[in-house]
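Summary of structural features
Read off the chains here:
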Amino acid sequence: MESVPESYLSALKLTPNLAQASLALEAQVEAVDYGQHLLLEAKVWHQGNFIASTTVAVTGKHVKAQLSVANVGEHEWSVPTWTPNNPQLYALELHLTENGQEGDEVWSYFGMREIRIEGRNVLLNGSPLYQRLILDQGYWPDSHLTPPSEAALIEDIEKIQRLGYNGVRKHQKIEDERFLYWCDVKGLLVWSEFPATYVFNDDAVENVMREWTEIVRQNYNHPAIITWTPFNESWGIPDIAEDKRQQRFTEAIYSLTKSIDPMRPVVCNDGWRHTVSDIITLHDYEASGEKLFAYYTKNHAAVLENALPYSVNGQFYPFAEGYGYRGQPILISEFGGIAFDNGESGWGYGDKVADKAAFVERFDAITSAVKRLDFCCGYCYTQVTDVQQEINGLMDMERNFKIEPEIIREINLR
């Protein structure tokens, strides 16, 4: 909590436009009286260099402004962009003045980056992006879903990057916003996924619509977030394969999300039974890399026609009834989950491996098989750490690597 003047900034929406080298700024101002006596000044800096400023009159609750980042002073420059390899950030300074008197002051930041889809590719700043994601449930043994410290969040991000992944699918959790801040700073891509409801009814529809809107608005400004995932594996929409109400619900959430954020891809029902979705995602825990590659190579067309299940041993189809493939990018958004226990009992996908050598052999085989699928633009391995009875993490719950990270990194980056 903080004390604020009577007139103060309550929200910001920052939208980079890479093609025009500009930032669209929308500020929400709470004031007793709006008029020409109330001004908002915005200044942009990059690594200590002044870039641009503008001042606009606050005549209502919602204020809009455009800021160019095409010049440093009087000189044109090549606009630094945000990427995982070079996460450039700009500082934003905002001041409210009322009748010439200084009022509320807010500091923020943004990244100049563009995320869009072209054919079967997801593009980051105009270039194809191959996503090497890992499933992250954000769980700690003592504090559970609450991060024990900011340092713990930073440790997770740095260790994920050491393993050769360029992003996370934050699973069934809206993480502490400091996590997103450090992903912005360190250059880790994020798929933001909504925690599922248990049932489908009118209350669930109302709550999801409201809470998801709050989540998208709150986290909109983070350049690290590149995909919104409001549903996962038909949780909360169990009859989506045939139920028109549940199908329309996912369509509504898709359109709602796009009305707030037309830029980022939206995945409705990650894993299977898609309705409308910007990316088609598949969950496949086949333990044999050879079988996985052979199945998709042989049956790729039939899978996309919804004529065959999409996995070797699976029963799930990629689309709900009445929907079909429209040329979207395809990503294997869950696979692996190899159980390796270091002497502990627990659960994973497929047979438990006996030792490090067996783990590396299987991890290499399935990861390499997915990477060889020419129709696939990325993958998400399950998972970062063990979680209670789930012993399929690349680290245990105390964040100790089970396998030397250099080995996993080499396979991911090969």
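The structure reproduced in this document is the subject of the present report. (Residues numbered from 1 in each chain as written. Predicted model: local features only at pLDDT ≥ 70, side-chain atom pairs only at ≥ 80, totals over all residues. Heavy atoms only, no water.)

Examining helix H5 (residues 289-304)
The largest bend in H5 comes to about 60 degrees, at Lys 298. Those residues of H5 that sit buried are Gly 289, Leu 292, Phe 293, Tyr 295, Tyr 296, Asn 299, His 300, Val 303 and Leu 304. Next to the buried residues of H5 lie strand S17 (280-283), strand S18 (330-336) and helix H6 (356-372). Immediately beyond the C-terminal end of H5, within one or two residues, lies Asn 306, with a positive phi of roughly 65 degrees. (Bend = angle between axes of the 7 residues up to and from the residue. Helix = DSSP H or I, 4+ residues; strand = E, 2+ residues; numbered from the N terminus. Buried < 20%, exposed > 50% of the residue type's maximum accessible area, 1.4 Å probe, protein only. Contact = heavy atoms within 4.5 Å.)

What about the side chain of Thr 382?
Its place among the elements puts Thr 382 in strand S19 (residues 376-382). We classify Thr 382 as buried; its relative accessible area is 3%. Non-local contacts of Thr 382, meaning those with residues more than four positions away in its chain, are made with Leu 135, Tyr 285, Glu 334, Phe 335, Gly 336, Gly 337, Ile 338 and Asn 392.

Some remarks on the pairing of strand S11 (residues 121-124)
The pairing of strand S10 (residues 115-118) with S11 spans four bridges and is antiparallel. Within S11, the position partnered with Arg 116 by the bridge is Leu 123. Counted between consecutive antiparallel strands, the loop separating S10 from S11 contains two residues, among which Gly 119 sits at a positive phi close to 60 degrees. Two strands pair when backbone bridges link them, and S11 and strand S12 (residues 127-128) are joined in this way by two bridges, in the antiparallel orientation. Bridge pairing links Leu 124 to Ser 127 in S12. Here S11 hands over to S12 after two residues, with Asn 125 in that stretch at a positive phi of 55 degrees. (Pairing = 2+ DSSP bridges.)

Brief notes about the packing of H6 against helix H7 (residues 405-413)
At a closest axis distance of 9 Å, the pairing of H6 and H7 adopts a crossing angle of 20 degrees. If you check the angle between H6 and H7, you find them roughly parallel. In the packing of H6 onto H7, the handedness of the crossing is right-handed. In contact with Phe 359, Val 360, Phe 363, Asp 364, Thr 367 and Lys 371 of H6, H7 contributes Ile 407, Ile 408, Ile 411, Asn 412 and Leu 413. In terms of residue class, the contact of H6 with H7 is made up of seven nonpolar, two polar and two charged. (Axes fitted to C-alpha atoms, helices over the stretch in contact; angles between N-to-C directions. Parallel < 35°, antiparallel > 145°, perpendicular 65-115°, else oblique. Left-handed = near helix turned anticlockwise from the far one by under 90°. Nonpolar A, V, L, I, M, F, W, Y, C, P; charged D, E, K, R; others polar.)

Concerning the nonpolar core
Residues Tyr 165, Phe 359, Phe 363, Tyr 381 and Leu 394 are the most contacted members of the largest nonpolar core, which totals 85 residues. Excluding anything up to four places from it in sequence, Tyr 165 contacts Arg 132, Leu 133, Ile 134, Ile 160, Leu 188, Phe 363, Tyr 379, Tyr 381, Leu 394, Ile 408 and Asn 412. Counting 28 residues, the second-largest nonpolar core is a separate cluster that includes Leu 23, Leu 38, Leu 96 and Phe 110. (Core = buried A, V, L, I, M, F, W, Y, C linked by side-chain atoms within 4.5 Å.)

Some points on the sheet that holds S12
The three strands lie next to each other as S10-S11-S12, forming an open sheet whose pairing is antiparallel. Bordering the open sheet on either side are S10 and S12, each of which pairs with just one other strand.

A word on the pattern of salt bridges
Taken as a whole and judged by the stated rule, the model has 22 salt bridges. A salt bridge links Asp 261 to Arg 264; the shortest N-O distance between them is 2.7 Å. One salt-bridge network, held together by shared partners, links Asp 136, Lys 170, Lys 173 and Glu 175. (Salt bridge = Lys/Arg side-chain N within 4 Å of Asp/Glu carboxyl O.)

Some points on the state of the cysteines
Applying the stated rule across the entire model yields zero disulfides. Cys 377 takes part in no disulfide bond, and the closest cysteine sulfur to it belongs to Cys 376, at a distance of 6.1 Å. (Disulfide = S-S within 2.5 Å.)

With respect to the packing of aromatic side chains
Tallied over the full model, the rule gives 19 aromatic pairs. Aromatic pair Tyr 90 and Phe 110: ring centres 5.0 Å apart, planes at 5 degrees, arrangement stacked. Here Phe 110 lies in strand S9 (residues 101-110) and Tyr 90 lies in strand S8 (residues 90-98), a separation of 20 residues in the sequence. Accessibility classification places Tyr 90 together with Phe 110 in one group, the buried group. Aromatic side chains Tyr 295 and Tyr 296 sit 5.9 Å apart centroid to centroid with 90 degrees between the ring planes, which places their arrangement in the edge-to-face category. A relative accessible area of 15% places Tyr 295 in the buried class. Classification of Tyr 296 by relative accessible area gives buried; the value is 1%. Taken together, the aromatic side chains of Tyr 130, Phe 335, Phe 340, Phe 359, Phe 363, Tyr 379 and Tyr 381 make up a single cluster linked through ring pairs. (Phe/Tyr/Trp six-rings, centres within 6.5 Å; stacked < 30°, edge-to-face > 60°.)

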